[in-house]
Structure formats: C-alpha cells, structure tokens
Amino acid sequence: MMERFQGKVVLITGAASGIGAAAARRFAAEGARLMLGDLNEAGGAEIARELKAEAAFLRVDVRDRHQVAALTDAAVDRYGRLDVVFNNAGVGSYGKADELDPEVWQDVIAVDLHSVFYGCRAAIPHLRRAGGGAIVNTASISGLHGDYGLGAYNAAKGGVVNYTRTLAIDHASEQIRVNAVCPGPIDTALTGPLMANAKVVAEYQRLIPMGRVGLPEEVASAVAFLASDDAAYITGAMLVVDGGVTAATGQPNFTRFLGGEA
C-alpha cells in the first residue's frame with residue numbers, strides 16, 4: 001500500500017459504515033491521521049478503535065452546522081492541521097412529489113446537501129492556513145440523472161454536483177481542490193433494502209454492464225485518488241464509480257436482441 005497521506009490529517013463524515021468506513025480504512029492504510037464523525041456513535045467509535053492511534057471519533061449530526069464546525073475544530077485541535085475533508089454523510093428516500101412527506105424532503109436535503117456546505121464552510125479556513133488541501137464530496141449518479149421516485153435524493157445530489165463545481169473554481173487559486181465521487185449502486189447500509197429485494201438485484205445485474213453492484217472499498221479507492229497528490233491538477237471533477245451504468249444511453253441492449261446474446 002502506498003503512503004500518499006503520511007502526515008496528513010483527514011476528516012470524514014458518515015464514517016461509521018459503508019463508504020465512509022471503507023475510506024477511513026483506506027486513508028489510515030496510507031498513513032493518514034483521522035477525525036471521524038457520524039450520528040452512529042457505536043459504529044463510529046468501533047471504527048476508531050479498529051484504527052487505534054490513527055483515528056479519533058466524535059458523534060455529529062451533520063444537519064447541525066454548529067456540530068459540523070465543532071468536528072472540524074476538533075480535528076485541528078487534536079492534530080494541529082487539516083489537509084483533506086471527505087463530506088460523505090447521506091440518506092435516501094422514496095416517494096413521488098405528491099406522496100413524499102415534506103419533512104422527509106427537508107431531512108434528505110439537510111443531510112445530503114446542507115451538510116456539504118457546512119463541512120466546506122468550516123474546513124476551508126483551515127485548509128487555507130495549511131497552504132491548500134483537498135475536499136471530496138459524495139455525490140451520486142443520481143445527481144447526474146433522474147431516478148424513478150427518488151426526487152429528494154436526486155435534488156440533493158444534483159445540488160452537491162454543481163456546488164462542488166462552484167467550490168472548485170472559487171478556491172482553485174488557494175490550492176484547495178474540490179471534487180466529487182459519484183457512486184452508482186454500492187452494497188452499503190443505504191442500499192440494504194434494495195439489495196434485499198431479489199427482483200431489484202436481478203434488474204441491477206441486467207442494467208449494470210459489469211454485472212454486479214460495487215463495493216464500498218472500490219469507491220474508497222476513488223476518493224483516495226481524488227484526495228491525493230496524484231490528482232494534483234484535478235478540480236471540479238465528478239468521478240463516476242458505477243460499473244458502467246451511466247455509459248449507456250438507457251436504450252435496449254441491442255446485442256441481446258439482434259446479436260444472438262442470451
């Protein structure tokens with residue numbers, strides 16, 4: 001394993017499970033010191049214990065800008081600097097516009113979009129003092145295209161996509177790079193209810209060119225790349241990690257019907 005983050009301080013939200021936990025392990029393996037935040041206190045503390053001296057955990061509700069700021073300050077107080085921020089916390093929901101409870105809409109927007117603003121707002125002064133750094137936001141292919149019945153999630157992630165672009169150009173002159181990772185279907189707690197539905201899994205296998213859902217570790221690898229000096233000239237990018245889903249137009253698989261494929 002490379003050590004691209006030796007001596008670097010990395011802050012991760014949504015770190016108790018899924019992509020956040022996988023990213024914590026990846027950054028730690030590459031030498032980073034970590035400040036982890038999550039609403040799931042037991043899960044987050046367990047990840048921090050697993051990584052031992054490399055990580056500290058603080059319970060945080062990312063809907064609260066004061067708690068996000070406190071998490072950021074705690075990272076700097078503990079380690080003396082901040083180099084990388086991974087704004088990863090997220091939730092989903094299902095419901096068409098006339099069916100969706102407005103409180104659910106507001107919660108999805110708060111967790112998935114407002115928290116990114118809070119995290120960037122708190123982190124940028126510290127990154128500036130460090131002479132630059134990297135921010136990676138978790139967007140989604142659902143921020144690039146529409147999905148049936150996922151209006152709140154689509155709106156939030158679409159906001160993350162375009163906000164990432166604006167942050168990138170606003171802070172490029174300060175050597176602060178801002179990018180987003182756009183996962184497709186990934187096997188996490190967030191997609192657990194979908195993965196428990198055999199019909200949904202079969203449909204995913206049909207639609208994903210690589211024939212399977214992704215793993216959190218595969219997204220974590222993309223996040224680590226965007227946060228590293230290997231991506232030193234990349235900012236404002238949306239790195240899609242989806243097994244080829246968005247490479248297709250959505251039209252029928254003509255090979256299956258015209259080329260004799262089973």
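Scroll up to find the structure this text is about.
Keep in mind that this is a model prediction, so the values were computed, not measured.

### Section: unusual backbone geometry
For step 1, the next point in the chain: In this structure, K52 takes a positive phi of about 60° despite not being glycine.
For step 2, the next point in the chain: The phi dihedral of Q175 is positive, around 65°, even though this residue is not glycine.
For step 3, the next point in the chain: Looking at where Q175 falls in the secondary structure, it is placed in the loop between α5 (151-171) and β6 (176-183).

### Some points on the sheet that holds strand β4 (residues 84-87)
For step 1, the next point in the chain: Here seven strands make up an open sheet; going across it, the order is β3-β2-β1-β4-β5-β6-β7 and the pairing parallel. Two strands close off the open sheet at either side, each with one partner strand: β3 (55-59) and β7 (238-241). Pairwise comparison of adjacent strand axes, ignoring direction, gives a mean angle of 15° for this sheet.
For step 2, the next point in the chain: As judged from the four bridges shared by β4 and strand β5 (residues 133-138), these two strands associate in the parallel manner. Among the inter-strand pairings, V85 is bridged to a residue of β5, identified as I135.
For step 3, the next point in the chain: Running over the sheet, helix α1 (residues 18-29) touches β1 (9-13), β2 (33-38), β4 and β6 and is turned about 170° from β1.
For step 4, the next point in the chain: Against the sheet, helix α3 (residues 65-79) contacts β1, β2 and β3, and its axis sits at roughly 160° relative to β2.

### Quick look at the layout of surface pockets
For step 1, the next point in the chain: Considered as a void within the structure, the second largest pocket measures approximately 350 Å³ in volume.
For step 2, the next point in the chain: Around the second largest pocket sit 19 residues that line it, and G133, Q175, R177, D229 and A232 are the ones nearest its centre.
For step 3, the next point in the chain: Put simply, the parts of the chain that give the lining of the second largest pocket at least two residues each are β5 and β6.
For step 4, the next point in the chain: Considered class by class, the residues forming the lining of the second largest pocket number nine nonpolar, five polar and five charged.

About the criteria used
Residues numbered from 1 in each chain as written. Predicted model: local features only at pLDDT ≥ 70, side-chain atom pairs only at ≥ 80, totals over all residues. Heavy atoms only, no water. Helix = DSSP H or I, 4+ residues; strand = E, 2+ residues; numbered from the N terminus. Pairing = 2+ DSSP bridges. Axes fitted to C-alpha atoms, helices over the stretch in contact; angles between N-to-C directions. Contact = heavy atoms within 4.5 Å. 1 Å grid on protein atoms, 1.4 Å probe; cavity = no way out; pocket = protein on both sides within 12 Å on 5 of 7 lines; lining within 4 Å. Points joined across faces, edges and corners; volume = space filled by probe spheres on them. Nonpolar A, V, L, I, M, F, W, Y, C, P; charged D, E, K, R; others polar.

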